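# Structural overview
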Amino acid sequence: MTSYTPDELFTSTAPYYARFRPGYDQAFYDMLAARFALDGTQRVLDLGTGTGVLALPLARLVGHVTAVDPEPGMLDEGRKLAAEQGITNIDWRQGDSTALLSMGLEPVLLTAMGAAFHWMDRDQTLRDLDRLIEPNGAVVLASGGAPGDLC
């Protein structure tokens, strides 16, 4: 049986993740746009972005997305997808939740996270995000639940 370190596992799977990972329902993005009056001027953080499953659709709704992930291969795939889609308002940064306050991030209206939140020190991450998120902003957790589930 072959074993892989987490770095080897995610490095080797980044192209497949980019190609086959399902996105989220458009209704999810419509709900965010309505709830937060997204008008193309806001700043959003996608923490644990992977290949940009959240960042790419959000970039169409806001002025700027900072997409953060610890794995360079995931970020490379995200950059490729953004280029293919003509999306230019995403700043792809290598990092993780432990470095949030030292990354020089500007305040954001929303921080979006998918399954990556599971792997973080959730309490510390939320404390740090409380210092980065603007008043009336939010943390948005996206789940791979059943189609149409919006909670």
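Presented here is a report on the structure given in the accompanying data block.

Cut-offs applied
Residues numbered from 1 in each chain as written. Predicted model: local features only at pLDDT ≥ 70, side-chain atom pairs only at ≥ 80, totals over all residues. Heavy atoms only, no water. Helix = DSSP H or I, 4+ residues; strand = E, 2+ residues; numbered from the N terminus. Buried < 20%, exposed > 50% of the residue type's maximum accessible area, 1.4 Å probe, protein only. Contact = heavy atoms within 4.5 Å. Areas by Shrake-Rupley, 256 points an atom, 1.4 Å probe, with all protein chains shown as cover. Salt bridge = Lys/Arg side-chain N within 4 Å of Asp/Glu carboxyl O. Arc of directions from axis to C-beta. Polar contact = N/O pair within 3.5 Å; in protein donor to acceptor, adjacent residues only side chain to side chain. Phe/Tyr/Trp six-rings, centres within 6.5 Å; stacked < 30°, edge-to-face > 60°. Lys NZ or Arg CZ within 6 Å of the ring centre and 35° of its normal. Pairing = 2+ DSSP bridges. Axes fitted to C-alpha atoms, helices over the stretch in contact; angles between N-to-C directions.

### Here's the deal with the overall build of the protein chain
Each helix and strand counted, the protein chain has five helices and five strands in total. Mapped from its N terminus to its C terminus, the protein chain presents α and β elements in the order α-α-β-α-β-α-β-β-α-β. A burial count over the protein chain gives 42% of its 151 residues as buried. For the protein chain, contacts bridging at least 24 residues in sequence account for 70% of all contacts bridging at least 6. Counting only carbon and sulfur atoms, one obtains 53% of the accessible surface of the protein chain, whose full area is about 8,700 Å².

### Regarding the pattern of salt bridges
Here the structure, examined in full by the defined rule, presents four salt bridges. A salt bridge links Asp76 to Arg79; its shortest N-O distance comes to 3.0 Å. With Asp76 and Arg79 both in helix H4 (residues 72-85), this residue pair falls three residues apart, about one helical turn. For Asp76, a relative accessible area of 39% puts it in the partly exposed group. Classification of Arg79 by relative accessible area gives partly exposed; the value is 36%. Its salt-bridge partner being Asp91, residue Arg93 comes within 2.8 Å of it at the nearest N-O pair. With a relative accessible area of 23%, Arg93 lands in the partly exposed category.

### A short note on helix H5 (residues 122-132)
Structurally, the α-helix is built with 3.6 residues per turn, so residues lying three or four positions apart point the same way. Buried within H5 are the following residues: Thr125, Asp128, Leu129 and Leu132. Along the axis of H5, the buried positions cluster into a sector of 100°, meaning they face one direction only. For H5, the exposed residues set more than 90 degrees away from the buried face come down to Asp123, Asp130 and Arg131. In the core, the buried residues of H5 are packed alongside strand E1 (43-47), strand E4 (108-113) and strand E5 (133-141).

### Looking at the side chain of Gln42
Positionally, Gln42 belongs in the loop between helix H2 (26-35) and E1. Looking at Gln42, its side chain comes within polar contact range of the side chain of Asp39, at 3.1 Å. The contact partners of Gln42, leaving out residues within four places of it in the chain, are Phe36, Ala37, Leu61, Val62, Gly63, His64 and Leu109.

### Here we look at the packing of aromatic side chains
Considering all chains together, one arrives at two aromatic pairs under this definition. Ring centres of Tyr24 and Phe28 lie 5.9 Å apart, and the angle between their planes is 45°; this geometry places the pair in the tilted category. Pair check on accessibility: Tyr24 and Phe28 agree, each one buried. Ring plane angle 75° and centroid distance 5.1 Å describe the contact between Phe28 and Tyr29, whose orientation is recorded as edge-to-face. Take Phe28 and Tyr29: they sit in the same class, and that class is buried. An aromatic cluster is present here, built from Tyr24, Phe28 and Tyr29 joined pairwise through their rings. Positioned above the aromatic ring of Phe36 is the side chain of Arg35, whose terminal nitrogen or guanidinium carbon lies 4.6 Å from the ring centre.

### Considering the sheet that holds strand E3 (residues 90-94)
Read from one edge to the other, the open sheet built from five strands follows the order E3-E2-E1-E4-E5, with strand pairing classed as parallel. At either margin of the open sheet sits one strand with a lone partner, and together these are E3 and E5. Geometrically, the sheet is characterised by an average inter-axis angle of 20° between neighbouring strands, direction not taken into account. Note: strand E2 (residues 64-69) against E3, five bridges, orientation parallel.

On their own, these measurements won't tell you what the molecule is for.
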